[in-house]
Amino acid sequence: AELQHRSLKALKNNIPVGLLEDVSKRDASLNGLAPTAFWQLLTKELAPVPEPQNEDCSLRPPTEMDGRMVNPKYAFVETFERPEFTGQTERVLPMTKGGKKKRKRAHKLSPPRDRNESEIIMEPRVKGGPSKQFLEKYHLNERSHPADWFNALIPLTPRDNLELI
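Residues numbered from 1 in each chain as written. Predicted model: local features only at pLDDT ≥ 70, side-chain atom pairs only at ≥ 80, totals over all residues. Heavy atoms only, no water.

(A) View of the overall build of the protein. Each helix and strand counted, the protein has four helices and two strands in total. Ordered by position in the sequence, the α and β elements of the protein form the string α-α-β-β-α-α. Each of the 165 residues in the protein was classed as buried or not, and the buried ones make up 7%. Per element, the accessible surface of the protein, about 16,100 Å² overall, is 58% carbon and sulfur. (Helix = DSSP H or I, 4+ residues; strand = E, 2+ residues; numbered from the N terminus. Buried < 20%, exposed > 50% of the residue type's maximum accessible area, 1.4 Å probe, protein only. Areas by Shrake-Rupley, 256 points an atom, 1.4 Å probe, with all protein chains shown as cover.)

(B) Molecular detail of the packing of aromatic side chains. Here the structure, examined in full by the defined rule, presents one aromatic pair. When the ring of F134 is compared with that of Y138, the centres are 4.9 Å apart and the planes differ by 45°; the resulting orientation is tilted. Across the pair, Y138 and F134 agree in class, each one buried. Sitting over the face of the ring of Y74, K44 holds its NZ or CZ atom 4.1 Å from the ring centroid. (Phe/Tyr/Trp six-rings, centres within 6.5 Å; stacked < 30°, edge-to-face > 60°. Lys NZ or Arg CZ within 6 Å of the ring centre and 35° of its normal.)

(C) Main features of a nonpolar patch on the surface. A cluster of nonpolar side chains, contributed by F150, L153, I154 and L156, occupies part of the molecular surface with about 440 Å² of accessible area. Following the sequence through the fold, L156 ends up in the segment after α4 (146-153). (Patch = residues over 30% accessible without salt bridge, like charges linked within 9 Å, V, L, I, M, F, W, Y side chains within 5 Å. Salt bridge = Lys/Arg side-chain N within 4 Å of Asp/Glu carboxyl O.)

(D) Main features of the confidence of the model for the protein. Per-residue confidence for the protein gives a mean pLDDT of 75, with 76% of residues at or over 70. The lowest-confidence element of the protein is helix α2 (residues 20-24), averaging 58 in pLDDT; the highest-confidence one is α4, averaging 89. (pLDDT = per-residue confidence, 0-100.)

(E) View of helix α1 (residues 2-12). Counting buried positions along α1 yields zero of eleven residues, so the element is predominantly exposed. Following α1 by one or two positions, N14 has its phi on the positive side, about 60°.

(F) Here's a closer look at the pattern of salt bridges. If you walk through the whole model with that rule in mind, you get two salt bridges. In this structure, E51 engages K73 in a salt bridge whose closest nitrogen and oxygen atoms are separated by 3.2 Å. Taken together, the residues E51 in the loop between α2 and β1 (88-94) and K73 in the loop between α2 and β1 connect sequence positions 22 residues apart. A residue is classified by how much of its surface remains accessible, and E51, at 33% relative accessible area, is partly exposed. Across the pair R143 and E142 runs a salt bridge whose closest N-O atoms are separated by 3.6 Å. The class of E142 is exposed, set by a relative accessible area of 65%.

Given below as structure tokens:
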């Protein structure tokens with residue numbers, strides 16, 4: 001019971017499993033990853049995965065344009081279990097007058113000035129998305145220009161690199 005309690009406490013507090021000497025002996029390719037990260041060789045299955053059948057036979061991968069035999073692709077025996085994604089999204093429901101749905105206007109509207117005007121609900125995020133901190137750091141929203149998103153992900157000048165701040 002004591003060992004189980006210590007193990008659960010270590011998992012909860014994100015304490016790495018292993019000795020500090022093991023971490024210092026790690027390969028340099030693992031720098032920047034979690035201390036418990038490691039490389040593991042995968043075992044390929046014996047039979048290759050069948051190639052998909054395209055309706056148009058002239059479609060080929062760019063590496064096999066000359067009509068050579070397609071390189072066989074193999075699946076792996078190992079399976080990976082990932083925890084379920086549990087992100088939350090903040091959604092603003094606009095207030096309605098008399099229970100009627102608010103009309104969308106052609107011109108741009110500013111966000112509500114008073115938080116009492118809208119109801120905010122938290123709902124599970126089905127698809128991925130940026131974190132709220134990332135959006136605030138780079139001053140981005142759904143109306144931001146695509147170049148602003150690109151510049152946040154791949155800064156074009158050292159001045160734009162907010163990761164160094």
